[in-house]
Every structure is written in structure tokens, then in C-alpha cells.
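# Structure at a glance
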2 protein chains.
Amino acid sequence: MLEGEKLKLLEINPMEIEKRSFAIIEEELRSMGIELSEDKKHVYLRAIHTSADFDYARNLVFSNDALERGEEALKRGTVVITDTNMGKSGINKQALKKLGCGLECFMADEQVAALAKERHVTRAIVSMEQAAKLYPNGIYVIGNAPTALIRLGELIDEGKCQPALVIGVPVGFVNVVESKEWIMTKGVPYIVAKGRKGGSNIGAAICNAMMYKLTRT
Amino acid sequence: MLEGEKLKLLEINPMEIEKRSFAIIEEELRSMGIELSEDKKHVYLRAIHTSADFDYARNLVFSNDALERGEEALKRGTVVITDTNMGKSGINKQALKKLGCGLECFMADEQVAALAKERHVTRAIVSMEQAAKLYPNGIYVIGNAPTALIRLGELIDEGKCQPALVIGVPVGFVNVVESKEWIMTKGVPYIVAKGRKGGSNIGAAICNAMMYKLTRT
């Protein structure tokens, strides 16, 4: 802000700001020599928008059927499952409502906590088991716990669930890279942030991008 | 994960993983020639831990009194205010409880929504006004909306609030950099992520880092 310049930012429409932001991101990507594929652009742009981190233009990978299967599921009012309440908070409620979709996170569930304690495993693990039981064909948004993603992969192997889409974007330094590489071998539709980066915010952003494409005209 | 190697990740203790993660981050920072100051290390490490983005080692800036004032406020059971429900979700409830602190976000408040509509301004703006009225000396964690940070700065100028600490880490491409530079001139303790990066997750991570330092033995 220049010296003496009056702040006139407060009336600006959030949708207008978002539009300008996306234009800036696209322009900078072009200047970096990165061309996004048209059908996946909305997902890449929103991941970058939510983090200001251009690495997502390179590290997001999609199975061939990911967007198609994900959109189909959203259109038929699937349930979206997150591995954190933060991810749950970040997923747009209006868009969910328009699509008639549900939203669940079992991390703070008392029964899950009790079971995890009893079995000496993490709540992330038990919450995936619970989700697989109730919503075997849901969209799974894993933005935090690699153990959640690993357990989900095992549940798929065991035939206990067959997610419409796995958004596999846990963040971190231990087991994270491996958990993401592993889920990509399970034969289910996936969107994965390869490498260490990701987060509940990225998971929510990817899910929102898909929903906005279907609900915003 | 190597072919044929059995997954044995599921029993690992989350606290153990966190410890190993922090050790990896410190080692990589050393190899990058970055030496973190001892008193601020917990904040830097947790911001990097939550994003896997080493940029935070360079872009986080602190006013001289930021940590001292923030810790004082947390110890006396201040109220933490966030600009998103996602940020609110990410702030550790156990640590808040141990410290006797409150946690508020007015973004989804019906009265705030109605007032914003009536005045043709964003909910972010009205939610800051509401927070300033109720908790003028709280800790403000702004991880999303530059307009929230700007309105907060104006409210400080108008003598309507004097936050114990502003964690100013909105993310984005329009007005974001300017809003952060501006809040740093307001004479209140701040922790700011300079540049475009930040987010509700980063804001929560910084607040959690400060709380964990006081509550974990």
C-alpha cells in the first residue's frame, strides 16, 4: 500500500477477487511455461489459490477416471468423508446442499475414540473403518493422516470399500510420500498430491473445485 | 514402499511421528544453511510441519514483543478469534482448555451475515467488528481474508481494539501482501507471513505452537 493511499479494499466483491486471483495464477503459470490441461484446470487453480503455492501445478496427479467418477458421485448426492474436522470445515456447505451430498468426519466421534484407545491404534484408523462401513462408495478426502490413507488402501484391498474417488493429499515428512504412492496402486479413482505437500485445506479445495464446477453457473 | 514390503505403519505413535518430522525439518533447514532463532523455532517448525513448505522459514516475521505478549495472553486465558471456521477447527481444543482460553469465529454468525448483507460489505468485515467489540484484547488469527486483516487494522486505528497479538497470515493474490504489510505498522504485536502465502492451517499451526510450548511438558 503506497504511503498516503487510502484503503479502498473493503467494498470489493469476494467473487471478483477470486476471479482476479485466478487470472493472476494462470498468467504466472504461463510465464513459468506451465500449460494446464483444460479439464483439470479448475482443480489445479483452486489448490494453488488456497495455498499460493505453485508447486501444486506439478505435483497433483489424477487417475484417468478421477474427475468423471468424482463428478458422477457428487451429482448423485454421495457422502464426502474427511479425515479431519478442519477438512470438513473447509468443504463448502452451500455447494454440498445444492448437490444433495452429505459430509462426515469420524475423528471426533466418541465411539471411535474409545475403540482406538482400546485397540491401541490411532483414531484416524478407526475413523476410516467406520466410514468404510457406512459409506463404502463415498468420496474420501484425506488431507492429514497418512495412516488414514494407508488404512483406506487396506480396506479397499479387503473388499470392504470401493470409494468413488480418493483425494489423497496428506502432508508431512514421515510415511506421507509412501502412503500416497501406495493408494495410487489400489485401482480406485484418485487425485493425489505427490510428495510431501498437501493438507486439509488442499483436500477441501480440490473437493470444492469439483463441486463448484457442477453448481456455479 | 518397496514391493513386497508389508505395511507396518499403523501402530506408530502420532507423537513419535511428530518428533521425527521435526528432526527431519531441522536437518533439512541446516543443510539449506538456515539457522532458526531458538525462541521462535517452535513456531517456524510447526508452520513448516503443517504445510511441508520450507518457505515459512524465511517469510514468517515477528514483532519484538509478539511471542512474549502472545504467551502472556494465553496464560491469562484470553480469547482466540479466527476469521474462518476452518481456522477455528484447526486450533487445538485440549491446549485451549488447559490454558482456560476461549475460541470464537463470527463468520457463520447469523446476525453478522444479516448485517453484512444490509451494509453491502463482507462478513469478514462485520465479524471483525463484532470480535473487536467483545474481545478487544484477544489474539486474532487471520488466515484467510485480507479484508478481515485490513478492517482489524482500521479498528486498531480507531481505538476500538488493541489485540494482544495478531497472527496475520491470509493467503492469496489480491490485497493480501498489502494487508500484511499494513498490519505491521499498527503498533500491535504481530506474527506475519510476508508475501502471498499463509492460510487458516498456518494460522492455526502458529497458535498451536505457542499453546503447546506452554502446555506440553
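See the structure shown above.
Reading the values: rules and limits
- Residues numbered from 1 in each chain as written.
- Chains lettered and ligands numbered in written order.
- Predicted model: local features only at pLDDT ≥ 70, side-chain atom pairs only at ≥ 80, totals over all residues.
- Heavy atoms only, no water.
- Contact = heavy atoms within 4.5 Å.
- Buried area = accessible area lost by both parts, 1.4 Å probe.
- Salt bridge = Lys/Arg side-chain N within 4 Å of Asp/Glu carboxyl O.
- Polar contact = N/O pair within 3.5 Å; in protein donor to acceptor, adjacent residues only side chain to side chain.
- Helix = DSSP H or I, 4+ residues; strand = E, 2+ residues; numbered from the N terminus.
- Nonpolar A, V, L, I, M, F, W, Y, C, P; charged D, E, K, R; others polar.
- Least-squares fit on C-alpha atoms with pLDDT ≥ 70 in both.
- Phe/Tyr/Trp six-rings, centres within 6.5 Å; stacked < 30°, edge-to-face > 60°.
- Buried < 20%, exposed > 50% of the residue type's maximum accessible area, 1.4 Å probe, protein only.
- Lys NZ or Arg CZ within 6 Å of the ring centre and 35° of its normal.
- 1 Å grid on protein atoms, 1.4 Å probe; cavity = no way out; pocket = protein on both sides within 12 Å on 5 of 7 lines; lining within 4 Å.
- Points joined across faces, edges and corners; volume = space filled by probe spheres on them.
- Pairing = 2+ DSSP bridges.
- Axes fitted to C-alpha atoms, helices over the stretch in contact; angles between N-to-C directions.
- Expected span 1.5 Å × (residues − 1).
- Parallel < 35°, antiparallel > 145°, perpendicular 65-115°, else oblique.
- Left-handed = near helix turned anticlockwise from the far one by under 90°.

### Some thoughts on the interface of chain B and chain A
In this complex, chain B contributes 41 residues to the contact, which on the side of chain A involves 42 residues. Between chain B and chain A, a total of about 3,700 Å² is buried, with carbon and sulfur atoms accounting for 71% of that surface. Taken together, chain B and chain A are joined by two salt bridges. Note that Arg196 of chain A is salt-bridged to Glu28 of chain B, the shortest N-O span being 2.5 Å. If you look at where chain B meets chain A, you find four residue pairs in polar contact (both at pLDDT 80 or more). Only helix 1 (14-31), helix 2 (41-51), helix 5 (85-90), helix 9 (146-157), helix 10 (176-183) and helix 11 (200-215) of chain B provide two or more residues apiece to the side of chain B that touches chain A. Sorting elements by how many residues they give to the side of chain B that touches chain A places helix 1 of chain B first, with seven residues. Tallied by class, the residues present in the side of chain B that touches chain A amount to 19 nonpolar, 14 polar and eight charged.

### Some points on the relation of the copies chain B and chain A
Screw-axis analysis of chain B against chain A gives a translation of 0.0 Å along the axis, an RMSD of 0.0 Å, and a rotation angle of 180°. The relationship between the two copies is best expressed as a two-fold rotation axis. Judged by C-alpha distance, Met86 of chain B is the residue of chain B that lies nearest the rotation axis, at 2.6 Å.

### Observations concerning the packing of aromatic side chains
Using the criterion set out here, one finds four aromatic pairs over all chains in the structure. Arranged with centres 5.4 Å apart and planes meeting at 55°, the rings of Tyr44 of chain A and Phe62 of chain A form a pair that is tilted. With a gap of 18 residues between them, Tyr44 of chain A in helix 2 (residues 41-51) and Phe62 of chain A in strand 1 (residues 60-62) connect regions that are remote in the sequence. Of the residues examined, Tyr44 of chain A reaches a relative accessible area of 11% and is grouped as buried. Between Phe54 of chain A and Phe173 of chain B, the ring centres sit 5.9 Å apart and the planes meet at 85°, which makes this aromatic pair edge-to-face. Here Phe54 of chain A is found in the loop between helix 2 and helix 3 (56-59), whereas its partner Phe173 of chain B is found in the loop between strand 5 (165-168) and helix 10 on a different chain. The ring of Trp182 of chain A has Lys186 of chain A sitting right over it, with the charged end atom 4.1 Å from the ring centre.

### Details of empty space enclosed by the protein
Counting across every chain of the model gives one cavity of 30 Å³ or more. Within this model, the largest cavity holds a volume of roughly 90 Å³. In this structure, the largest cavity is lined by 13 residues; those nearest its centre are Ser51 and Asn201 of chain A together with Ser51, Tyr56 and Asn201 of chain B. For the lining of the largest cavity, the secondary-structure elements that each account for two or more residues are helix 11 (200-215) of chain A together with helix 11 of chain B. Grouping the amino acids of the lining of the largest cavity by side-chain chemistry returns four nonpolar, six polar and three charged.

### What to know about the sheet that holds strand 3 (residues 102-105) of chain B
Residue and element names in this part refer to chain B. An order of 1-6-5-4-2-3 is seen for the six strands of this open sheet, with the pairing classed as mixed. The open sheet has two edge strands, strand 1 (60-62) and strand 3, and neither has a second partner. When strand polarity is set aside, the average angle formed by the axes of neighbouring strands in this sheet is 15°. When strand 2 (residues 79-82) meets strand 3, the two strands line up parallel, connected through four bridges.

### Section: helix 11 of chain B
The end-to-end C-alpha separation of helix 11 of chain B is 22 Å, in line with the 22 Å expected for 16 residues at 1.5 Å each. Extensive coverage of helix 11 of chain B is indicated by the burial of 14 of its 16 residues.

### Some details on the packing of helix 2 of chain A against helix 11 of chain A
Residues and elements named next belong to chain A. At a closest axis distance of 8 Å, the pairing of helix 2 and helix 11 adopts a crossing angle of 140°. In terms of axis orientation, helix 2 runs oblique to helix 11. In this structure, helix 2 crosses over helix 11, and the sense of that crossing is right-handed. In this structure, helix 2 contributes His42, Val43, Arg46, Ala47, Thr50 and Ser51 to the contact, and helix 11 contributes Asn201, Ile202, Ala205, Ile206, Asn208, Ala209, Met210, Tyr212 and Lys213.

### Thoughts on the environment of Glu129 of chain A
Residues and elements named next belong to chain A. Mapped onto the elements, Glu129 comes out in helix 8 (residues 123-134). Exposure remark for Glu129: the relative accessible area of 15% places this residue in the buried category. Separated by 25 residues in the primary sequence, Glu129 and Glu154 place their C-alpha atoms 9.9 Å from one another. Look past the residues within four positions of Glu129 in its chain and what remains in contact with it is Arg119, Arg151 and Leu155.

By themselves, these are just geometric observations and shouldn't be taken as functional.
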